[in-house]
Amino acid sequence: MCDRFRHLLRVCCVGSFLGLLLAAAPVLHAQAAGPGPESHGVSGAPTTSDARLLALEKQNTDLKTSIASAQTAGDNGWMLVSSALVLMMSGPGLTLFYGGLVRRKNILGTMMQTFAMMGVITVLWALVGYSLAFGENTGHLGSVIGSFQNALLHGVGLVPDGVYVTTIPLQTFMVYQLMFAIITPALITGAFAERMKFSSTVVFLTLWAVFVYSPMAHMVWGKGGLLNAALGGKFPCLDFAGGTVVHVTSGVSALVTCLYMGKRIGYPKVAMPPHSVVLSFVGACLLWVGWFGFNAGSALNSGSLATSAFVTTHFAAAAAACAWTAAEWLKTGKPTALGAISGCVAGLVGITPAAGFVTPISALWIGLLTGAFCFSMVFFVKSKFGYDDSLDAFGVHGAGGTLGALLTGIFANSTINPILGAGKATGLLEGNAHQLLNQATGVAIAWVLSIVGTLILLVVVDKTMGLRVSAADEEEGLDLSQHGEEGYHSEFTGAH
Amino acid sequence: MCDRFRHLLRVCCVGSFLGLLLAAAPVLHAQAAGPGPESHGVSGAPTTSDARLLALEKQNTDLKTSIASAQTAGDNGWMLVSSALVLMMSGPGLTLFYGGLVRRKNILGTMMQTFAMMGVITVLWALVGYSLAFGENTGHLGSVIGSFQNALLHGVGLVPDGVYVTTIPLQTFMVYQLMFAIITPALITGAFAERMKFSSTVVFLTLWAVFVYSPMAHMVWGKGGLLNAALGGKFPCLDFAGGTVVHVTSGVSALVTCLYMGKRIGYPKVAMPPHSVVLSFVGACLLWVGWFGFNAGSALNSGSLATSAFVTTHFAAAAAACAWTAAEWLKTGKPTALGAISGCVAGLVGITPAAGFVTPISALWIGLLTGAFCFSMVFFVKSKFGYDDSLDAFGVHGAGGTLGALLTGIFANSTINPILGAGKATGLLEGNAHQLLNQATGVAIAWVLSIVGTLILLVVVDKTMGLRVSAADEEEGLDLSQHGEEGYHSEFTGAH
Amino acid sequence: MCDRFRHLLRVCCVGSFLGLLLAAAPVLHAQAAGPGPESHGVSGAPTTSDARLLALEKQNTDLKTSIASAQTAGDNGWMLVSSALVLMMSGPGLTLFYGGLVRRKNILGTMMQTFAMMGVITVLWALVGYSLAFGENTGHLGSVIGSFQNALLHGVGLVPDGVYVTTIPLQTFMVYQLMFAIITPALITGAFAERMKFSSTVVFLTLWAVFVYSPMAHMVWGKGGLLNAALGGKFPCLDFAGGTVVHVTSGVSALVTCLYMGKRIGYPKVAMPPHSVVLSFVGACLLWVGWFGFNAGSALNSGSLATSAFVTTHFAAAAAACAWTAAEWLKTGKPTALGAISGCVAGLVGITPAAGFVTPISALWIGLLTGAFCFSMVFFVKSKFGYDDSLDAFGVHGAGGTLGALLTGIFANSTINPILGAGKATGLLEGNAHQLLNQATGVAIAWVLSIVGTLILLVVVDKTMGLRVSAADEEEGLDLSQHGEEGYHSEFTGAH
Amino acid sequence: MQKIEAVIQPGKLEAVKEALIEIGVEGLTILEARGHGRQKGHTEFYRGREYSVDLLPKIKIETVVVDELVEKVIRAILTAAQTGSIGDGKIFVTRIDDAIRIRNEDRGDAAL
Amino acid sequence: MQKIEAVIQPGKLEAVKEALIEIGVEGLTILEARGHGRQKGHTEFYRGREYSVDLLPKIKIETVVVDELVEKVIRAILTAAQTGSIGDGKIFVTRIDDAIRIRNEDRGDAAL
Amino acid sequence: MQKIEAVIQPGKLEAVKEALIEIGVEGLTILEARGHGRQKGHTEFYRGREYSVDLLPKIKIETVVVDELVEKVIRAILTAAQTGSIGDGKIFVTRIDDAIRIRNEDRGDAAL
Ligand SMILES: Nc1ncnc2c1ncn2[C@@H]1O[C@H](COP(=O)(O)OP(=O)(O)O)[C@@H](O)[C@H]1O
Ligand SMILES: Nc1ncnc2c1ncn2[C@@H]1O[C@H](COP(=O)(O)OP(=O)(O)O)[C@@H](O)[C@H]1O
Ligand SMILES: Nc1ncnc2c1ncn2[C@@H]1O[C@H](COP(=O)(O)OP(=O)(O)O)[C@@H](O)[C@H]1O
């Protein structure tokens, strides 16, 4: 220990200072960059024909391993980036998008609701969440829910499992799916913005992730899932990146939640304009960028299907932004920035289930239709029924997700993705009308599950801990009442 | 249908709730992670020598396919990320950079000008834009403009075309190039900030993308393009990532536009400091990060050329930030944050044409020179001539792009990129003085095309729909007059 | 020249306008997407057995080259993205995180301190920085400091060097490491926020990068480094992504600096709440996202180790955010947003040295412990000792880095990363108690080096140019006094 | 001609404005303010530091009216802004010597 | 000693300030305000909701001057701030009983 | 009953507030302001343009107190806000005709 200590002192003082001077000794001595690994040739080649054959056969086995490794390098790099992009959609993407739309006094409270999901759902996922969604369940409920088999990530290793993924580590799949599980409940917060207790938000959304998200994810994407189109589900429902799993569930649950909770004090008499469309604008742009990870990443590799999904995603977003803007321009005479960004998000929602199934031109149509449809939901339907879906979580995600899932059944194209078998017609336009029915089934299940599940959870949380902040707390704002802090401080608040 | 419905109800209610309990059955039962795909060995090996040879030959063909797929995985993943990064440069990058520099009342209007490009140019690109820029034109104008051959993305598929790209799907190339077509017109908005009608902005910039951007892109990067150095153009002009195509065209058009439109009301008497250097700062950082996709992505693969372009990009940005800061410190006594970020953008512009052709140390020089040069443009030239290039789109992009394109002809190095043929001198410093002339030709064409094209388009739009907002609208700000909304809202605007 | 000029004019005017019309000639003529490169079959196959063997052997050599290229494509793409992500951590990540925490009058000054590092350290790195950290030093101080051998990036080429990297260009490694060298000194600025002269900040941190960062990086990661676990150092200290190199050095130097400089005027009597927790929130989210590049990128490839590091990084961040939030909730009754984001950063710091060595579940523990530990440092220790570590650079990076480095010695697991040899116990929990001692040695060296080095540099800079702004400048704020500008401008400042 | 200055709770601005317009007040000017009084502030937390904030957001309304309207204005503000809890604010009345409308240089009561 | 309070259009601040300095006013204090009056507001749109905004941005200038300067000040403000359109604002004049310069405790006219 | 308006340096707000509470002032209203006076402004730079800023951040404190307290208040502000350098600010005193507490409609001195 004493030796170590002496060494340490010498190292630090002498080392760093004198070192610099002495280091100059082997100065600027030219040295070619090291030889690449590929330069090691084959040495001592075998001579007989048989030996040469054997050597070649042996080499080919090695080559296969190397190729698999190279394939993994490409696919896995892309999937890690995609995972990061999807996390970026939650924070800072969604936190900014939603945060800008609320009043100044609720900015941190709103951001925290999403941020809490980044923390809590991650831990939940490690404990049981992943297992409930993707664990194999050989029991007779295996078509609707996973198992506890992969609880604590038991058996979720660093090699491909051959079922969910064939070229990337299973853990990459696990963490990628986790990012979806984070953003989905976070989307709901838009519906009950500015009025739910922080503690209740965390409990409600965590339960929701267990009881609504997990079964839905299992049904659509899990082994043996009822709606799983890739792994032989009973009602194969096409959902490339989560139209039903993410957007319908969150959007419909959002509607249920805001109906259950009631309106914000003063709504709709009191004007509640966004405190910063600028923040929302930045958030929407980040959502757009992040959505490439969400949709193109859902190819689970970086091949041409990822490209296809990337292109359709971008096209739909752009078309929907144009559609909403045009509709608004016609309707009110002014195209707002908030409208444009809402449109792009609507288009992104609409293309999500279809991303890996349709052509770029179909994507333009899907964007156009979802943009216009969500516009009507927000402009006409909401004001007609008068519910306070504060940030339009239902109007955009619920409505857009539902329409998108149905349009997927119409536009899905077997030349892009022969998911039902090579050469088999996929969507309605190709002649497979049945697919539309399957899509409707998937959507219906998502609606029912979301309505029933959310309602039960709301009642449970409401009766036990209460959902809503007090009227005084609501007036004061979530930032101060729930978190004891303010989003912005001038040098002039008398804090001391 | 009725059966479906019953199923659905059972699934949702029983499924999600009881499911959880029952799922516990096959609990925590250890199971090793599935075997990776590489573990499948060769079974039933052939025995005769000839059969073994045949098998090996067959295997090698398969291996080649697998290798191509692995190569695609790596390159394509990187190119998708690069595409996302270049989109991020437009939004939120450029929107924040420009948005912060204008006055508070114009923040949304400014951001919307760029956002509109994200929507409109995307749709245009799908319809005809890509085709006009990159479509093959066998007609006698094929050296200056593409064709309608790829209109509606006809023939733009999911495999490499062997000309533009050899390892990634052609659609990846298409969407990557789209991101460039978005940001280029968006850059021009900096020159006419705070005074053009939103409708006219959209029309003008869309026409500009067709009539100025497309031919320029075709000449430099398109098959048979007049200036295309890689595909045998008549005057091979080196432009790695768009020094002439993006920055000279947008910068020069910016100058023309602000000269044509005249100054903002009150300029230069009234002070118009940026309403938030903080937003601009964030935007500049995102531009820097996104520019890696712009420049290193222009290698169109993720090999060593991408690395080289990445390094030169970063070095030039840093050197230029230092140069501008130092110059400003000497000149005014205070180094501003706005100066530092302007410098880094200037350096990024300067290195853009050179990124894949020069050494890291040359990149430092290019950064230093462009930083200092753009500084002088903004500090001395602009104030001398008194035009109102509001956000210095010309001073940075026009001037920096022009200088960068010329410096490329000086510093281009055949050991980095033997684009003129292996071992052939590339830049002036290597002894190829002629290249400087080619660079000058490219720059000159870009200048003339931009001046003539932009001027015609401005006149057309001005005469038909008018370019400028009314004086009252200008005073009120673009946000309210063009979009009917405000960037920031305090709880205190009397909205109801 | 005259010919050129005529050509040019014709090209621009006729070309772009008439061109469009004429281009329509070969219109919409269907053409299948070009054949992929893989479709070129083997033509003219050899016939004799021997010739076939020879051909196969030749082919295999080619295949190896192709495979190496494909492997590079995957790994290099990911490493370039990681480099971009780490730069994004500095700007806009850290600039926002720190910028939001200071008072409004210091926002630009604070952001500029980090931005200056992005400029200056880059240039330094090209000149001597990389060489001092990673250059081979065969002299007798080779275990503590690099050499000038790679000064001006001499010998740092575009192929792998076989030592630091085997599948990616050495320049990728160089630029990736540069991003670490940028953020490390930038982290220190949190300790002396709101009171150091800009000029002195730049000089001090540049010297620090040379005299403290370079030797530490060399010892832990450099060829022949004293603590280098991968390349046979004397005391193999596990530090996957910079727990000691980045966080301990910056955090401890931060403590030294704020002790040396003294408190801000008025601290702690005057309240100095963050002027915008919103900005800090966005910054923290970007840090989280960027940290995937920092930690998972430290695998230097995109294989399963990168996945493992990605997962542990995310898990630790989430667990620490939960831990800090819970602790704060218990202690003060309110969980703040600032607490949650501080927690996530603490967790990210804690997992940094361990990222590629531990299981996901261990990562949860490491996050939990670091989150709680840093919470106590900030809540109890700082207020007890009363030093003004303004933005808790020591409390988070110094404390978290130290704890993380030690926990690495406890949780490191040979099944994740057999760095000490296949099958050899790595961490304490596996039975290798000695590793904890090695970790402690690494930490101790980092502490001593940081304390001694920083102190000497502070004294030098203080005596020559002075460290602290004048009291009047401090009151006025860094933005105006150091940079002559303001972060935010209302239309109402009487500027003219 | 008198100036009525009222410091009120921010949430009451809309109601007070309506009430004043109702009774015929033709112009008012609003200022964002912070108030200190009997009303207790709140506590904020930042990284282990606890701040007590005792300057609370208020709105200050100023309106200059002819003498006859003064009591009506006071009454209108009281009705609209009163909640009965501490912090409701104050009304102050001051004599104004002259008023001029900038647009057309009207003076005195005519300018209001 | 009288206080002149002027509510003006934000765009006129610079001109008014110059005009006042011109005629020898030595100090002024400026406040950001919102005004309601004859001037119509505008409409804003957020996701299908239409808000009518009737509190418009104004600047309030306060300057305390010796009695002799009052008319000159009014004149200067009128000249600089008048556009002739509705919303130009108001000037109010009030008697001030005392003024103190904090720096050196000068009182009365000397303090201005 | 008189209104004391003090324009002070922003950094002195805390001290002045404490001093006023000390001597028994029960309520005050604070406004963010910008001031122009003898104190020189500063220069700012944006991309080669130099702006001279001559409206400096100030805080305006208003408190209405009973006549007896006026001199004590002035004294307290002077003590707390004085640094002796140009820009320390001004105090103005005006007569107030009436005060009403919105909460319970107390009037006059009782309302303060
Ligand atoms: N004497 C005063 N002078 C100026 N403003 C006052 C005075 N007293 C109260 N105020 C303002 O009125 C607000 C409410 O006063 P407070 O004492 O909290 O409640 P209440 O008026 O209901 O007793 C304060 O925040 C302050 O802005
Ligand atoms: N009686 C008043 N008391 C206080 N402020 C007033 C009064 N009347 C008008 N103002 C202020 O003057 C501004 C301009 O008044 P307005 O009626 O719109 O136009 P004009 O003065 O040209 O008739 C208002 O926005 C308001 O701020
Ligand atoms: N005559 C005045 N009327 C209104 N406010 C004034 C007057 N004179 C000064 N002020 C305010 O007081 C502040 C300080 O005044 P200044 O002349 O700079 O310093 P000092 O009061 O120390 O001489 C000014 O910024 C302004 O806000």
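No experiment lies behind these values; they were computed from the predicted model shown.

A.B. asks: So what's going on with unusual backbone geometry? Residues and values would help.
C.D. replies: At the junction of glycine 91 of chain C and proline 92 of chain C, the peptide bond is cis and its omega measures out at 10° in the coordinates. Counting through the fold element by element, proline 92 of chain C comes out in helix 2 (residues 49-101). In this model, tyrosine 267 of chain C is joined to proline 268 of chain C through a cis peptide bond whose omega is 0°. Tracing the chain through its elements places proline 268 of chain C in the loop between helix 6 (243-261) and helix 7 (277-295). If you check the backbone angles, leucine 153 of chain A has positive phi at about 60° while not being a glycine. You can see leucine 153 of chain A is positioned in the loop between helix 3 (107-134) and helix 4 (170-188). In this model, glutamate 105 of chain E sits at a positive phi of 65°, which is unusual for a non-glycine residue. You can see glutamate 105 of chain E is positioned in the segment after strand 7 (98-101).

A.B. asks: Pulling in residues and values, what's your account of the interface of chain A and chain D?
C.D. replies: Contacts between chain A and chain D engage 11 residues on the former and 12 residues on the latter. Taken over both partners, the interface formed by chain A and chain D buries close to 1,000 Å², and the fraction arising from carbon and sulfur atoms is 48%. The interface formed by chain A and chain D holds 4 residue pairs in polar contact (both at pLDDT 80 or more) in total.

A.B. asks: For the relation of the copies chain C and chain B, give the residues involved together with the corresponding values.
C.D. replies: Between chain C and chain B, the superposition needs a rotation of 120° and an axial shift of 0.0 Å, giving an RMSD of 0.0 Å. Here the two chains are linked by the operation of a three-fold rotation axis. Residue glycine 74 of chain C, judged by its C-alpha, is the member of chain C lying nearest the rotation axis, at 2.1 Å. In this assembly, only 8% of the residues forming the interface of chain C have copies in chain B that are likewise at the interface, indicating a heterologous arrangement.

A.B. asks: Give me the lowdown on the interface of chain C and chain B, citing residues and values where you can.
C.D. replies: At the interface, 95 residues of chain C touch 97 residues of chain B. Summed over both sides, the interface of chain C with chain B buries roughly 7,700 Å², with 75% coming from carbon and sulfur. Linking chain C to chain B there are 2 salt bridges. Put simply, arginine 52 of chain C and aspartate 50 of chain B hold a salt bridge, and the shortest N to O gap is 3.0 Å. Summed over the shared surface of chain C and chain B, the number is 19 residue pairs in polar contact (both at pLDDT 80 or more). Elements with a contribution of two residues or more to the side of chain C that touches chain B: helix 1 (2-23), helix 2, helix 3 (107-134), helix 4 (170-188), helix 5 (198-221) and helix 14 (478-483) of chain C.

A.B. asks: Any chance you could break down the environment of glycine 37 of chain D for me, citing the residues and the numbers?
C.D. replies: Tracing the backbone shows glycine 37 of chain D in the loop between strand 2 (28-36) and strand 3 (42-46). Assessed through its relative accessible area of 30%, glycine 37 of chain D is described here as partly exposed. In the structure, glycine 37 of chain D is positioned 17 residues away from aspartate 54 of chain D in sequence and 8.4 Å away in space, judged by C-alpha atoms. Every residue in contact with glycine 37 of chain D, bar those within four places of it in the chain, is listed here: Glu26 and Gly27 of chain F.

A.B. asks: Summarise the site of ligand 1; cite the residues concerned and give the values.
C.D. replies: The local shell around ligand 1 holds 21 residues, among which Arg38 and Gly87 of chain D together with Thr29, Arg101 and Arg103 of chain F are the closest. Close to ligand 1, residues of chains D and F are found. Between ligand 1 and glycine 89 of chain D there is a distance of 3.5 Å, counted from an oxygen atom to a backbone nitrogen or oxygen. Within the contact set of ligand 1, an oxygen atom lies 2.8 Å away from a side-chain nitrogen or oxygen of arginine 101 of chain F.

Definitions and limits used
- Residues numbered from 1 in each chain as written.
- Chains lettered and ligands numbered in written order.
- Predicted model: local features only at pLDDT ≥ 70, side-chain atom pairs only at ≥ 80, totals over all residues.
- Heavy atoms only, no water.
- Helix = DSSP H or I, 4+ residues; strand = E, 2+ residues; numbered from the N terminus.
- Contact = heavy atoms within 4.5 Å.
- Buried area = accessible area lost by both parts, 1.4 Å probe.
- Polar contact = N/O pair within 3.5 Å; in protein donor to acceptor, adjacent residues only side chain to side chain.
- Least-squares fit on C-alpha atoms with pLDDT ≥ 70 in both.
- Salt bridge = Lys/Arg side-chain N within 4 Å of Asp/Glu carboxyl O.
- Buried < 20%, exposed > 50% of the residue type's maximum accessible area, 1.4 Å probe, protein only.
- Near = heavy atom within 4 Å.

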